[in-house]
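As a plain string of letters, each chain reads:
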Amino acid sequence: MTVVATQEAYPVDKPAIEERLLKDLTLIVVGVARQELPMALLGAVQTVWFEGVSDGHALFSDEKGSVFQVVEAPVLPLAILADPGASPEADTLYKWLHRQDAVQLPSVVGWARGRESEAISSIVALVAEHVKSAARRLVLSNRELRTLRNLNDDLQNRFAAIESFLNRHGLQPLDLVFSNEPAENPLNANVLASASRDGISQILPVPSSGVSGVSVHLDQPVGRQDLKLRAQLVTLEDLRIVDTWQISSGDLTPGWNIFGLSKSTAGLNRTLEFRLQVEDADEDVPLLSLGSLQPIEMFQVRDAANGMPVLKNSLALQVWGGIPGVSMPPSANYIPAQSQQVGLSEGFRDMPIAPGILEHASLANTDEVSFDFEAIMPLPAERAIGCHPPAEGMTIGELPAACPPQIIRMSAKAFIDNSRAADIDFAIAVAGNLEAAKALFREQREQTVGEAFSGWKTVSFGESAHLSAFASEQVGAWQNVYFATRMNEAGGNDFAWAKFANFRAVVNG
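Position numbers for residues count from 1 along each chain, tracking the sequence in the order it is written. pLDDT decides what is reported in this predicted model: residues at 70 or higher carry local features, side-chain atom pairs at 80 or more are listed and counted, and totals for whole chains, interfaces and linings draw on all residues regardless. The basis for every side-chain value is the complete set of heavy atoms in the structure, and neither hydrogens nor water enter the calculation.

### Some words on the overall build of the protein
Here is step 1 of the chain: The helix count covers DSSP runs of H or I at least four residues long, the strand count covers runs of E at least two residues long, and both are numbered beginning at the N terminus. Tallying secondary structure elements over the protein gives 7 helices and 31 strands in all.
Here is step 2 of the chain: Looking at the protein residue by residue over its 509 residues, the buried ones come to 43%.
Here is step 3 of the chain: Contacts: residue pairs with any heavy atoms within 4.5 Å of one another. For the protein, the share of sequence-separated contacts (at least 6 apart) that also reach a separation of at least 24 residues comes to 75%.
Here is step 4 of the chain: As displayed, the protein offers around 26,400 Å² of accessible surface, 52% of which is attributable to carbon and sulfur atoms. Throughout this description, buried means an accessible area under 20% of the type-specific maximum (1.4 Å probe, protein chains only), exposed means over 50%, and partly exposed covers the range between. Shrake-Rupley sampling with a 1.4 Å probe provides the accessible areas, and residues are treated as covered by the protein chains on show and by no other component.

Shown next, in the form of structure tokens:
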């Protein structure tokens, strides 16, 4: 089967001269013989001769006389160099440029015998004006780029401040893991009023690892604002209290109320049970929403005193989890835990390395490489460190005692800050001393207990790489962070300003 898509056929590959008309500064000649133009002019600017218009397409020829057809108007026409007797051809060219909606219409420079120097001077002046305009645009672009970089730095600082605030106040960002939406309840049952003084319990239908919050849905506003409520998250296998919440009924709002954990849970998976009771309860207790009928008795809402189902429904609830780093729904009411009963060794925390620590970065392998300038340059205002690689070998920088105990992952962003630099390899490592770090960077052995190594990643200018070094086992001691750069191909390390930014540590506990 043959499908005819168009009646006109266009070549897929444009001639090289036509491609140059779309990106290079071009002088268009009309009515002037090739031998009349000096070779210096032809070598200084791309020059074509106008040969006429055929079927709506312009015909041009190059300095050798080869004729080619052009569909689109030249993007950067410098001028039309025309013999005074060739004004009809120049008019034809102008009309064609108008029909093509040319972005820029060139001025006409006359070429007459005895006045060639004046024409060349005019062309040189036009070229100089284009150079000045390009320089002005470059300056403006650099200013805009500097402004954007300052705005980006300010934004990064704001993000760092927000992250620090969240860590200090326990407002851990969460990600939705499970959701049981509220269902219409014709009986309008109040499970808290129906349960005993010990309140209700609800088993969570998810593994415990990574859980960071439990959300319950309130059907309608609370009548009394002074009722005291107590919530707990408990592991059924060993009856350990994961977290506790002490709130008043006025702290609850209609809709979703997230009971946020102090830290996301870790360790062996356990069965989690959420318990909620009202102290000195009366008839005016909060009305919790229920989910659909639950055929599995284990997941029905129960009386916390005897474990028997109160209804054949489960609570309308959501489970939130994940290592900090994602956003929480703004519509939810977040309730942080008041006391944490689990051991301090449980739970993941994601923390940035403070800018003040970056100021202590130094060149570690001074016995192997040397420079006439500072190869390791702390940039605390950018939350980054500059690291200049040698032509051969590698530059290793050190952040002493910057890796906290119980490290799970050390990460950093790697990029190049000079457009003239060749490709650079980046790597980070966590180790007790320089010799151990060198062995990892040289890939002479596998990492041991407490150590971490990201492997090497190649970065080109304009790109970035996220380096992640995972520890196979955690240790309870502070360790050094090492970062290294090397040229992807030996030699040519001029302008090779590599940078590491946004050092972060995920720790267990």
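And the narrative resumes.
### Overview of the environment of Arg270
Here is step 1 of the chain: With respect to the helices, strands and loops of the structure, Arg270 is situated in the loop between β12 (255–260) and β13 (272–279).
Here is step 2 of the chain: When the C-alpha atoms of Arg270 and Val234 are compared, they prove to be 9.4 Å apart, with 36 residues separating the residues in sequence.
Here is step 3 of the chain: For Arg270, the residues in contact, after removing those within four places along its chain, are Ser208, Thr235, Glu237 and Asp238.

### Examining the sheet that holds β12
Whether parallel or antiparallel, the strands of a sheet pair through hydrogen bonds between backbone atoms.
Here is step 1 of the chain: Between any two strands, at least two bridges found by DSSP are needed for them to pair. Here 5 strands make up an open sheet; going across it, the order is β7-β17-β9-β12-β18 and the pairing mixed. Of all the strands in the sheet, the pair left with one neighbour each is β7 (175–180) and β18 (333–336). Ignoring strand direction, the axes of neighbouring strands in this sheet form an average angle of 25°.
Here is step 2 of the chain: Note that β12 and β18 share 4 bridges and pair parallel. By the bridge assignment, Gly260 is partnered in β18 with Pro336. Angles shown run from 0 to 180 degrees and are taken between the N-to-C directions of axes, each axis being a line fitted to C-alpha atoms and, for helices, limited to the stretch in contact.

### Describing the environment of Glu374
Here is step 1 of the chain: Position of Glu374 relative to the elements: it lies in the loop between β21 (362–363) and β22 (376–379).
Here is step 2 of the chain: Residue classification places Glu374 among the exposed positions, given a relative accessible area of 58%.
Here is step 3 of the chain: Linking Glu374 and Ser362, residues 12 residues apart in sequence, is a C-alpha distance of 9.1 Å.

### Examining the packing of aromatic side chains
Here is step 1 of the chain: Pairing of aromatic rings covers Phe, Tyr and Trp, the last counted by its six-membered ring, and requires centre-to-centre distances within 6.5 Å; plane angles under 30 degrees mean stacked, over 60 mean edge-to-face, and any other angle means tilted. Using the criterion set out here, one finds 14 aromatic pairs in the structure.
Here is step 2 of the chain: Taken together, Phe50, Phe60, Phe68 and Trp96 form an aromatic cluster joined through their ring pairs.
Here is step 3 of the chain: A positively charged side chain is recorded as over a ring if its NZ (Lys) or CZ (Arg) lies within 6 Å of the ring centre. The angle to the ring normal must also be within 35 degrees. One Lys or Arg, Arg34, reaches over the ring of Trp49 and ends 4.5 Å from the middle of that ring.
Here is step 4 of the chain: Across the ring face of Trp456, the terminal group of Arg486 is positioned such that the distance to the ring centre comes to 3.9 Å.

### A short note on the nonpolar core
Here is step 1 of the chain: As used in this record, nonpolar core signifies buried Ala, Val, Leu, Ile, Met, Phe, Trp, Tyr and Cys residues forming a set joined through side-chain atoms within 4.5 Å. Among the nonpolar cores identified, the biggest contains 35 residues, and Ile200, Leu204, Leu233, Trp245, Phe259 and Phe274 are the most heavily contacted of them.
Here is step 2 of the chain: Sorting the residues of this core by element identifies α5 (191–194), β9 (211–218), β10 (228–235), β11 (240–248), β13 and β17 (317–321) as the ones contributing at least two each.
Here is step 3 of the chain: Ignoring anything within four residues of it in the chain, the contact list for Leu233 reads Leu204, Val214, Arg240, Ile241, Val242, Asp243, Trp245, Leu261, Leu272, Glu273 and Phe274.
Here is step 4 of the chain: Membership of the second largest hydrophobic core comes to 34 residues, among which are Ile385, Phe426, Phe500 and Val507.

### A look at the sheet that holds strand β2 (residues 46–54)
Here is step 1 of the chain: Strand order in this open sheet of 6 strands is β4-β3-β2-β1-β5-β6, and the pairing throughout is mixed. The sheet is open, and its two edges are formed by β4 (67–70) and β6 (108–110), each paired on a single side. Looking at each pair of strands side by side, their axes are set apart by 35° on average, direction ignored.
Here is step 2 of the chain: Judged from the 3 bridges that link them, strand β5 (residues 76–82) and β6 form a sheet pairing that is parallel.

### Digging into the pairing of strand β23 (residues 384–387)
Residues in a regular strand point their side chains to alternate faces of the sheet.
Here is step 1 of the chain: Of the two faces of β23, the one carrying Ala384 and Gly386 and the one carrying Ile385 and Cys387 are both buried.
Here is step 2 of the chain: The pairing of β22 with β23 spans 4 bridges and is classified as antiparallel. Residue pairing in the sheet places Pro378 in a bridge with Ile385 of β23.
Here is step 3 of the chain: Where β22 folds back onto β23 in an antiparallel hairpin, the turn is made up of 4 residues, including Arg383, whose phi is positive at roughly 55°.
Here is step 4 of the chain: Pairing geometry for β23 and strand β31 (residues 498–508), over 4 bridges, is antiparallel.

### Considerations on the environment of Gly213
Here is step 1 of the chain: Tracing the backbone through its elements, the reader meets Gly213 in strand β9.
Here is step 2 of the chain: The spacing of Gly213 and Ser262 is 49 residues in sequence and 8.9 Å in space, taken between C-alpha atoms.

### A closer look at helix α3 (residues 87–99)
Here is step 1 of the chain: Here a helix's expected span is defined as the number of its residues, less one, multiplied by 1.5 Å. The end-to-end C-alpha distance of α3 is 18 Å, a good match for the 18 Å that 13 residues give at a rise of 1.5 Å each.
Here is step 2 of the chain: Where α3 is concerned, the buried positions are Ala90, Leu93, Trp96 and Leu97. For α3, the arc enclosing every buried residue in end-on projection is 120°, short of the 170-degree limit, so these residues lie on one face. Opposite its buried face, α3 presents the exposed residues Lys95, His98 and Arg99, each directed more than 90 degrees away.
Here is step 3 of the chain: Where α3 is buried, its residues touch β1 (25–30), β2, β3 (57–61), β4 and β5.
Here is step 4 of the chain: Trailing α3 by a residue or two, Asp101 shows a phi angle of about 55°, which is positive. Directions from the helix axis toward the C-beta atoms define the arc.

### Some points on the confidence of the model for the protein
Here is step 1 of the chain: Predictor confidence is given residue by residue as pLDDT, running from a minimum of 0 to a maximum of 100. Within the protein, residue pLDDT values average 82, and 87% of them lie at 70 or more.
Here is step 2 of the chain: Across residues 1–14 the pLDDT falls below 50, and counting only partners more than four positions away or on other chains, this stretch makes 3 contacts in the model.
Here is step 3 of the chain: Contacts of residues 339–346 to residues separated by more than four positions or lying in other chains number 22 contacts, the stretch itself having pLDDT below 50.

### Structural notes on the pairing of strand β30 (residues 479–487)
Here is step 1 of the chain: Most of β30 is tucked away: 8 of the 9 residues are buried.
Here is step 2 of the chain: Relative to β30, strand β24 (residues 395–403) is paired through 6 bridges, and the arrangement is antiparallel. The residue of β30 that forms the bridge with Ile396 is Ala484.

### Quick look at the pattern of salt bridges
Here is step 1 of the chain: Any carboxyl oxygen of Asp or Glu that lies within 4 Å of a side-chain nitrogen of Lys or Arg is treated as forming a salt bridge with it. If you walk through the whole model with that rule in mind, you get 12 salt bridges.
Here is step 2 of the chain: Here Glu129 ties to Arg136 by a salt bridge, and the two come within 3.4 Å at their closest N and O atoms.
Here is step 3 of the chain: We classify Arg136 as partly exposed; its relative accessible area is 45%.
Here is step 4 of the chain: Between Lys438 and Glu368 there is a salt bridge; the shortest N-O distance is 3.3 Å. Of this pair, Lys438 sits in helix α7 (residues 434–441) while Glu368 is found in the loop between β21 and β22, placing the two residues 70 residues apart along the sequence.
Here is step 5 of the chain: A single network of salt bridges, built from pairs that share partners, joins Asp367, Glu368, Glu435, Lys438 and Arg442.

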